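Okay, here's what each chain looks like letter by letter:
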Amino acid sequence: MNSRRMIALAWKSLWLHRLRSLLTVLGIVFGVSSVVAMLAIGEGASQEAQAQIRRLGSRNILLASIKPPTDEDAGQQGSRVSRYGLLRKDLRGILASVPDIARAVPRRDMPVEARVGGRKVTTKLMGTEAAYAEVANLRMQAGRFLTAAEGHARKPVCVLGDGIARKLYRNVNPVGQELRAGSHYYRVIGLLASRGEGTGGTAGAGGESDMAIFVPIETMRERNSDVAVTRSSGSFTREHVELHRITVEAANGDEKTISRVAAALRSFIDLRHKKKGDVRITVPQELIRQARESKRIFTIVLAMIAAISLLVGGIGIMNIMLATVVERTREIGVRRAMGARRGHIVRQFLAETVLLAAFGGVIGLGLGMAIPAVVTYFGWMQTVVTPFSLVLAFGISALVGVVFGLYPAARAADLDPVEALRRE
Amino acid sequence: MTAVAELRGASRVYQMGSTEVRALDHVDLVFQQGEYAAIMGASGSGKSTMLNILGCLDRPTAGQYLLGGRDVSGLDDDELSRERNERLGFVFQAYNLIPHLTVLENIEVPMEYAEVAHAVARERATSLAVRMGLGDRLHHRPTELSGGQQQRVAIARSLANDPMVLLADEPTGNLDSKTGAEILGLLDELNDAGRTLIVVTHDPLVAARAHRTVTMHDGKIARVELRAGNAPAGGGPA
Ligand SMILES: Nc1ncnc2c1ncn2[C@@H]1O[C@H](COP(=O)(O)OP(=O)(O)O)[C@@H](O)[C@H]1O
Ligand SMILES: [Mg+2]
């Protein structure tokens, strides 16, 4: 009996008990669909995370000023100025003493109210240098970024993020226009391209640049003091912060250089800031490694969930097949009398189990692809269905069919023909 | 005269705990080519046991069984399956058709195990079904047929691989006398065409048609009767 005939025969007997067949494969369906769906969600999340980290720059090490927790009482008093974070002399020190650095770019942030005509938007003024565009991987949509010459000359010029430009200028090209930020005027010389954060719209990884107004850091220093006053619910907070961020670019992107530079920066900050905890150091390349590691763990957990549901599905199939063998004992006896060898009987029942499992696998694939599609459609998460996950899930379901089909098939083949023929 | 099936001192002992049941007890019996033999005897006398051994569904625990001159009592399961497939045809009291297969598909079953190409098998199944008067029932399922029709399908199926010997266990046992007589008529035709028949029966009508009647008692042959005027085509039994 050839295999095509075998499969046709198996299909026939499954079709005879369609409802039972369908119920039998539900375990496989859920197992396979959860494998596909979860892998798609996991892959999407990991790609999103990696893209965000890559946007931070894999050659970069980021130093950020953070308000230390011990300083909180100062804010409550309302009169004292809290002083923390990176200093201008830190920048000079880093450039002078940390080896393997290509450049270090400072940034100072100030909350301002930007006005154009009658429109007012509360946003951030960011004072920085010409190199910032490159280290932060910013792209221009129109005009150009700040230059070093403009900084030296303390020119009142600015570059707008895409989001703030839309709010202030709607559809008008802002390049060449004037705007007021706080009590000063600036001429717009460039417009940044949108960073287009992931579907989730989470503003991590430098997404803040979309709503920022960049000005030369020297211009900002001349026009504003280092103390920023913010008013929240009636009380004032005065903060003295010289620099909010220093982006250090290593001379080289390889893992060794990055970790050497990171270690040097950590000890530099420990020394200068006496472990006050007012500077946070982020190494995107380390984050990439962490993201890979957490993806690996995620995958292992998923594989275990999948294995359990497929195991349960397989046992379900085996159970039904054992019942089928009992139910069809007479048929088995007749086939043996007609000349079927044990191998024929094994193949007949195995074909049924594998077909059943593969059928469940196909439904599972369909469902498994539909779930991530829905998740992405509603914008909850980015998902990526990889061909590998489909092959894997389907292969496993067929394998489950073989593994859990063997025992019932062997039971069928081992029946004594005389006994089987006598059975009602 | 050639012997197609021969039991030589064949025994079949069932071990029931500490007691032995000798279902077949040192039986010597020869069936000739073209013979029509009836096997009779009380219930429990060993008829089915003998038929199972003749049909290669079971092996004698002692003695020999020669099928077509070859000792098959020592063959393994796969080899016995091949013997059943190529040289033996079975007809059962309860018809034993496979319920979810059509008439044609049931007749094709032995040919599938003989690796006959499907188109060839289909053609042969159709001609056998037509010969059995089932030309208008080819695609019906067993439940849509009468008992007599089902037994005709079973006979067609038993002939699929042109067997040397046709074995039947109470083929008319589930049929009314008129339908039973029709089935016996069919068997007569097969035997007239040269097919060797061995039929286990309680039915005196079968015995009346057979060349020879073997009566069993307690696993032994109690009596052998030859019918005057009944002889296999081409000569009398030895
Ligand atoms: N599988 C078995 N196990 C034990 N004893 C059996 C078995 N099959 C048949 N027998 C015994 O063998 C004897 C012959 O049985 P059987 O050949 O079926 O008789 P018949 O077909 O003439 O009625 C009986 O005593 C029966 O109980
Ligand atoms: Mg019997």
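Residues numbered from 1 in each chain as written. Chains lettered and ligands numbered in written order. Predicted model: local features only at pLDDT ≥ 70, side-chain atom pairs only at ≥ 80, totals over all residues. Heavy atoms only, no water.

Draft legend 1. Structural detail: the side chain of B:Asp25. Residues and elements named next belong to chain B. Along the chain, the position of Asp25 falls in strand S2 (residues 19-32). Polar side-chain contacts of Asp25 include one of 2.8 Å to the side chain of Lys220. Non-local contacts of Asp25, meaning those with residues more than four positions away in its chain, are made with Ala10, Ser11, Asp218, Gly219 and Lys220. (Helix = DSSP H or I, 4+ residues; strand = E, 2+ residues; numbered from the N terminus. Polar contact = N/O pair within 3.5 Å; in protein donor to acceptor, adjacent residues only side chain to side chain. Contact = heavy atoms within 4.5 Å.)

Draft legend 2. Quick look at empty space enclosed by the protein. For the coordinates displayed, the defined rule picks out 4 cavities of 30 Å³ or more. Its volume calculated, the second largest cavity comes out at about 70 Å³. Around the second largest cavity sit A:Met338, B:Arg84, B:Asn85, B:Leu88, B:Gly89, B:Phe90, B:Pro110, B:Arg157, B:Ser158, B:Ala160, B:Asn161 and B:Pro163, which together line it. Elements represented by at least two residues in the lining of the second largest cavity include exactly helix H2 (77-87), strand S6 (88-91) and helix H5 (147-158) of chain B. For the lining of the second largest cavity, the per-class residue count stands at 6 nonpolar, 4 polar and 2 charged. (1 Å grid on protein atoms, 1.4 Å probe; cavity = no way out; pocket = protein on both sides within 12 Å on 5 of 7 lines; lining within 4 Å. Points joined across faces, edges and corners; volume = space filled by probe spheres on them. Nonpolar A, V, L, I, M, F, W, Y, C, P; charged D, E, K, R; others polar.)

Draft legend 3. Just the interface of chain B and chain A, in detail. Each partner contributes to the interface: chain B provides 26 residues, whereas chain A provides 24 residues. Viewed at the interface, chain A and chain B are joined by 4 salt bridges. One salt bridge connects B:Glu105 with A:Lys12, and the closest N-O pair in it is separated by 2.5 Å. Secondary-structure elements contributing two or more residues to the side of chain B that touches chain A are H2 and helix H3 (103-113) of chain B. When its residues are assigned to classes, the side of chain B that touches chain A shows 9 nonpolar, 6 polar and 11 charged. (Salt bridge = Lys/Arg side-chain N within 4 Å of Asp/Glu carboxyl O.)

Draft legend 4. Here's a closer look at the nonpolar core. Ranked by size, the top nonpolar core spans 69 residues in total, and within it B:Phe31, B:Met50, B:Leu54 and B:Tyr65 carry the most contacts. Ranked by size, the runner-up nonpolar core spans 35 residues in total, among them B:Met111, B:Ala121, B:Leu159 and B:Ile183. (Core = buried A, V, L, I, M, F, W, Y, C linked by side-chain atoms within 4.5 Å. Buried < 20%, exposed > 50% of the residue type's maximum accessible area, 1.4 Å probe, protein only.)

Draft legend 5. Representation of the packing of aromatic side chains. Residue and element names in this part refer to chain A. Scanning the model with the defined rule gives 6 aromatic pairs over all chains in all. Ring geometry for Trp11 versus Phe359: centroids 6.4 Å apart, planes at 75°, classification edge-to-face. Here the residue Trp11 occupies a position in helix H1 (residues 3-16), and Phe359 occupies one in helix H13 (residues 342-377), the gap between them amounting to 348 residues. Residue classification places Trp11 among the partly exposed positions, given a relative accessible area of 41%. Measuring from centroid to centroid gives 5.6 Å for Tyr132 and Phe214, while their planes differ by 40°, and the two rings are tilted. (Phe/Tyr/Trp six-rings, centres within 6.5 Å; stacked < 30°, edge-to-face > 60°.)

Draft legend 6. Layout of the packing of H1(A) against H13(A). Residues and elements named next belong to chain A. Between H1 and H13, the shortest axis-to-axis distance is 9 Å and the interhelical angle comes to 60°. Relative to H13, the element H1 is oriented oblique. The two elements H1 and H13 cross, and the hand of that crossing is right-handed. On the side of H1, the interface is formed by Met6, Ile7, Leu9, Ala10, Trp11, Ser13 and Leu14, while H13 contributes His344, Arg347, Gln348, Ala351, Glu352, Leu355 and Leu356. Class assignment of the residues belonging to the contact of H1 with H13 gives a composition of 9 nonpolar, 3 polar and 2 charged. (Axes fitted to C-alpha atoms, helices over the stretch in contact; angles between N-to-C directions. Parallel < 35°, antiparallel > 145°, perpendicular 65-115°, else oblique. Left-handed = near helix turned anticlockwise from the far one by under 90°.)

Draft legend 7. Structural view of H13(A). Counted at 1.5 Å a residue, the expected span for H13(A) with its 36 residues is 52 Å, and the 52 Å between its end C-alpha atoms agrees. Trailing H13(A) by a residue or two, A:Gly379 shows a phi angle of about 70°, which is positive. (Expected span 1.5 Å × (residues − 1).)

Draft legend 8. Examining a nonpolar patch on the surface more closely. All names here are of chain A. A cluster of nonpolar side chains, contributed by Trp11, Trp15, Leu19, Leu22, Leu23, Leu26, Phe30, Phe359, Ile363, Leu367 and Ile371, occupies part of the molecular surface with about 1,000 Å² of accessible area. Those elements that provide at least two residues to the nonpolar patch are H1, helix H2 (18-24), helix H3 (26-56) and H13. Top contributing element to the nonpolar patch by residue count: H13, with 4 residues. Relative to the assigned elements, Ile371 resides in helix H13. Here Ile371 falls in the partly exposed class, since its relative accessible area comes to 35%. (Patch = residues over 30% accessible without salt bridge, like charges linked within 9 Å, V, L, I, M, F, W, Y side chains within 5 Å. Areas by Shrake-Rupley, 256 points an atom, 1.4 Å probe, with all protein chains shown as cover.)

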